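# Tertiary structure, described
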2 protein chains.
Amino acid sequence: MSLVVVGSVAYDALETPHGRVDRILGGAATYIALSAGYFTQTAVVAVVGEDFAQEDIDLLASHKIDLEGLERVPGKTFFWSGVYSADMNDRTTLQTDLNVFADFNPKLPARYRSYPYLVLGNIQPALQRSVREQMNGLRLTGGDTMNYWIKDYRDELLATIRGWDFLLINDSEARMLSGQHNLRRAASVILDMGPSTLVIKRGEYGAMLFRRDSYFMVPGYLLEEVFDPTGAGDCFAGGFIGYLAERGCDLKSGKVDRRDLSRAVIYGSVMGSFCCEEFGPGRFRTLTRDEIDKRFAEFRDCTEF
Amino acid sequence: MSLVVVGSVAYDALETPHGRVDRILGGAATYIALSAGYFTQTAVVAVVGEDFAQEDIDLLASHKIDLEGLERVPGKTFFWSGVYSADMNDRTTLQTDLNVFADFNPKLPARYRSYPYLVLGNIQPALQRSVREQMNGLRLTGGDTMNYWIKDYRDELLATIRGWDFLLINDSEARMLSGQHNLRRAASVILDMGPSTLVIKRGEYGAMLFRRDSYFMVPGYLLEEVFDPTGAGDCFAGGFIGYLAERGCDLKSGKVDRRDLSRAVIYGSVMGSFCCEEFGPGRFRTLTRDEIDKRFAEFRDCTEF
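Residues numbered from 1 in each chain as written. Chains lettered and ligands numbered in written order. Predicted model: local features only at pLDDT ≥ 70, side-chain atom pairs only at ≥ 80, totals over all residues. Heavy atoms only, no water.

### Brief notes about the overall build of chain A
Heads up, the condition is: Here a strand is any run of E in DSSP of at least two residues, a helix any run of H or I of at least four, and the numbering for each starts at the N terminus. For this measure, only C-alpha atoms enter the radius of gyration; the expected value for a globule follows 2.2 Å times N^0.38, where N is the number of residues. Contact definition: two residues touch when any of their heavy atoms are within 4.5 Å. Each accessible area is a Shrake-Rupley estimate made with a 1.4 Å probe; only the visible protein chains count as cover when residues are assessed. Think of it this way: Lys and Arg go in the positive column, Asp and Glu in the negative one, and His and the chain ends go nowhere. The atoms used to mark charge sites are NZ of Lys, CZ of Arg, CG of Asp and CD of Glu.
Counting its secondary structure elements, chain A contains ten helices and 13 strands. At 18 Å, chain A has a C-alpha radius of gyration in line with the 19 Å of a compact globule built from 305 residues. For chain A, contacts bridging at least 24 residues in sequence account for 64% of all contacts bridging at least 6. Counting every atom, chain A has about 11,600 Å² of accessible surface; 46% of that belongs to carbon and sulfur. Positive and negative side-chain charges of chain A, numbering 34 and 42 respectively, have mean locations separated by a distance of 7 Å.

### Re the pattern of salt bridges
As a working rule, side chains carrying opposite charge can pair if their charged atoms are close by. Residue and element names in this part refer to chain A. Under the convention used in this document: A pair is scored as a salt bridge if a Lys or Arg side-chain nitrogen falls within 4 Å of a carboxyl oxygen belonging to Asp or Glu. Exposure classes here rest on a 1.4 Å probe applied to the protein chains alone. A residue is buried below 20% of its type maximum, exposed above 50%, and partly exposed in between.
Scanning all chains against the criterion turns up 45 salt bridges over all chains. The shortest N-O distance in the salt bridge between E291 and R283 comes to 2.9 Å. R283 gets classed as buried once you look at its relative accessible area, which sits at 9%. Three or more residues joined by partner-sharing salt bridges are found here, namely E277, R283, E291 and R295.

### Some words on the packing of aromatic side chains
Where we set the bar: Geometry of aromatic contacts follows a simple scheme: Phe, Tyr and Trp rings, the Trp one being its six-membered ring, pair when their centres are within 6.5 Å, and the pair is stacked under 30 degrees between planes, edge-to-face over 60, tilted otherwise.
For the structure on display, the rule yields 35 aromatic pairs over all chains. Plain terms: the ring middles of A:Y148 and A:W149 are 4.8 Å apart, the flat faces sit at 65° to each other, and that makes the pair edge-to-face. Plain terms: the ring middles of B:F166 and B:F240 are 5.2 Å apart, the flat faces sit at 75° to each other, and that makes the pair edge-to-face. Note that B:F166 is positioned in strand β10 (residues 166–170) and B:F240 in helix α8 (residues 232–246), a separation of 74 residues in sequence. Given the relative accessible area of 1%, B:F240 is considered buried. Of the aromatic side chains, those joined through ring pairs into one cluster are A:F39, A:F216, A:Y243, A:Y267, A:F296 and B:F305.

### Brief notes about the sheet that holds strand β2 (residues 10–16) of chain A
Residues and elements named next belong to chain A. For the record, the criterion: Pairing between strands requires that DSSP locate at least two bridges from one strand to the other. Every axis corresponds to a line fitted to the C-alpha atoms, with the helix fit spanning only the stretch in contact, and the corresponding angles, defined between N-to-C directions, vary from 0 to 180 degrees.
Read across the open sheet, the four strands follow the order β3-β2-β6-β7; overall the sheet is mixed. Two strands in the sheet have a free side with no partner beyond their single neighbour: β3 (19–26) and β7 (91–97). Taken over all neighbouring pairs, the strand axes of this sheet differ in orientation by 15° on average, direction set aside. Looking at chain direction, strand β6 (residues 79–84) and β7 are connected through six bridges and run antiparallel. Bridging from a neighbouring strand, G82 pairs with T93 of β7.

### Remarks on the pairing of β6(A)
Residues and elements named next belong to chain A. Among the six residues in β6, five count as buried, and that is most of the element. Taken together, the five bridges between β2 and β6 define a ladder with parallel strand orientation. Its bridge partner being in β6, Y11 is matched across the sheet by F79. Joining the antiparallel neighbours β6 and β7 is a turn of six residues, in which M88 adopts a positive phi near 65°.

### Let's talk about the sheet that holds strand β2 (residues 10–16) of chain B
Residue and element names in this part refer to chain B. The strand order across the open sheet built from four strands is β3-β2-β6-β7, with neighbouring strands paired in mixed fashion. The sheet is open, and its two edges are formed by β3 (19–26) and β7 (91–97), each paired on a single side. Ignoring strand direction, the axes of neighbouring strands in this sheet form an average angle of 15°. When β2 meets β3, the two strands line up antiparallel, connected through six bridges. Bridge pairing in β3 places E15 opposite R20.

### As for helix α5 (residues 154–161) of chain B
Residue and element names in this part refer to chain B. Rules: By arc we mean the arc of the directions from the helix axis to the C-beta atoms, nothing more.
Taken as a whole, α5 has its buried residues at L157, L158, T160 and I161. Looking down the long axis of α5, one finds its buried residues gathered within 160° of arc, a one-sided arrangement. Residues of α5 that are buried make contact with α3 (125–133), α4 (147–152), β10 and α6 (171–178).

### Details of the state of the cysteines
Residues and elements named next belong to chain B. What counts here: For the purposes of this analysis, a disulfide is any pair of cysteine sulfur atoms at a distance within 2.5 Å.
Considering all chains together, one arrives at zero disulfides over all chains under this definition. Looking at the unpaired C235, the closest cysteine sulfur is the one in C275, lying at 3.6 Å. For C235, a relative accessible area of 0% corresponds to the buried category.

### A short note on the pairing of strand β9 (residues 140–143) of chain B
Note on strand geometry: in a regular strand, side chains alternate between the two faces of the sheet. All names here are of chain B. As a reminder of what qualifies: Crossover handedness is defined by viewing with both strands directed away from the observer: a clockwise path from the first strand over the helix to the second marks the crossover as right-handed.
Burial of the side chains of β9 extends over both faces: L140 and G142 are buried on one face and T141 and G143 on the other. With four bridges joining them, strand β8 (residues 117–120) and β9 adopt parallel strand pairing. If you follow V119 over to β9, its bridge partner there is G142. With respect to chirality, the unit in which β8 leads through α3 into the neighbouring parallel β9 is right-handed. The sheet contact formed by β9 and β10 spans two bridges and is parallel. Paired with G143 across the strands is L167, a residue of β10.

As structure tokens, this is what we get:
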């Protein structure tokens with residue numbers, strides 16, 4: 001069932017211990033959509049500048065991603081550059097040029113408004129809310145945020161996530177949002193904020209899903225080589241909601257199969273792991289659904305007891 | 001089937017964010033034996049001083065731990081004191097008084113020599129080897145080591161673990177021993193050193209088991225409160241080998257059921273998690289096998305998909 005993805009489409013300059021690239025397609029909406037596109041019909045709402053290259057349009061289009069909501073305006077595309085630490089657990093931002101993204105005001109094409117699935121990449125919470133208000137008949141709304149919004153836009157963020165079915169953040173964000181160091185307690189505080197489902201991403205250490213009555217944990221996939229972790233969290237989000245959309249899950253009704261949620265976490269982990277295998281979204285040029293399902297099976301094989 | 005545990009029995013002074021104790025039973029052999037005792041007949045080989053208290057003898061004896069190999073000699077018992085960081089992921093050693101442990105030369109009571117299971121806590125590698133040489137008919141030998149032996153006694157350590165069936169270390173030790181940062185690669189290097197099975201403990205992030213042809217991963221149990229992590233790694237070891245001994249597993253023959261190994265990792269994780277719930281070995285005063293099996297089932301429930 002159709003999914004709307006809202007967020008940034010950007011160019012990144014990256015340096016990891018394995019090399020560097022000066023300009024490569026990036027942005028949360030890019031990674032979420034590329035990942036979700038393996039599971040469900042996916043439509044993007046984002047803004048790019050005049051410099052946005054045809055080959056990048058072609059990559060997205062080759063994944064059958066609906067680009068009617070990808071607005072092109074005068075100016076330059078959002079640009080970010082960063083460098084990773086030797087173990088790639090930390091990264092330093094060198095440059096952030098918002099460019100056309102500074103005035104991003106998401107407008108949904110009319111036919112997107114009745115799509116049942118919505119995932120909101122990390123943008124201003126008020127913008128996230130405005131998108132949700134443009135839609136009707138949603139079965140599932142969720143998204144990401146970051147430390148900046150948690151710290152300086154707390155009230156706005158709380159008002160936004162109150163209406164979400166799931167929140168998907170990393171462990172340090174969960175601690176900051178809840179004021180609790182222990183993740184079990186942090187989860188309990190955050191579930192009181194509105195979302196019925198909380199997913200906490202822990203990078204190489206895996207992920208956890210919390211609901212009022214249950215939780216689920218998965219260790220991180222053991223890659224032989226992490227080439228570039230950029231976008232892995234967003235690819236996790238894309239795999240997670242993409243699978244739920246493929247299954248037609250309805251979190252609104254409360255009648256959701258726990259197994260679907262657990263498997264969505266596994267597909268999220270699978271997509272995040274593939275993302276790390278090449279620079280930027282490079283792995284998605286060749287990745288097949290068959291490879292995805294094989295890694296899903298490998299996850300089962302190495303965690304079942 | 002009977003298990004011999006060799007290592008330190010000590011007194012610890014501990015400070016965690018939850019409080020402090022000036023003198024509490026500790027030591028690798030203590031924790032391994034207390035943990036393994038829930039699964040199999042367990043015998044300890046260690047040394048204590050004249051100050052070793054009757055109540056601590058009583059605690060071990062109440063777990064039906066065979067203490068014939070617990071030598072008591074003139075002098076004081078090994079003493080260690082340390083303080084944990086606020087998140088308890090780091091600890092600083094304040095004091096280490098080897099005392100009677102400085103001259104520890106493990107001597108096995110005659111009837112221990114034919115026991116089929118042997119686990120060697122973190123002591124001088126040459127001593128670990130001497131114990132193994134005193135035994136015959138072993139179905140399974142394994143143990144722990146630490147950065148000090150890896151760095152300064154490398155050749156001796158390599159000669160020792162060459163004869164082991166399993167090595168059980170933490171992630172930083174695995175990296176140091178192998179010279180590889182990536183744990184999948186580290187495991188491959190270490191498996192070439194002799195042991196057919198490598199278990200890497202990752203503290204709150206869980207554990208991984210590697211063999212030539214397969215691997216298994218489990219996330220860490222999510223405690224609501226980590227009270228004191230002292231001994232958790234040793235309790236993991238005790239649960240791991242205790243379960244394999246209970247099952248009568250024979251790693252020597254190579255005909256070991258993968259499921260037994262995976263479940264041993266889960267029981268190790270379960271025992272490590274209980275250990276953190278009170279100061280020192282306090283939790284073992286009340287812990288029952290029924291509680292252990294319940295947590296094992298909870299692990300299945302929160303990782304199955």
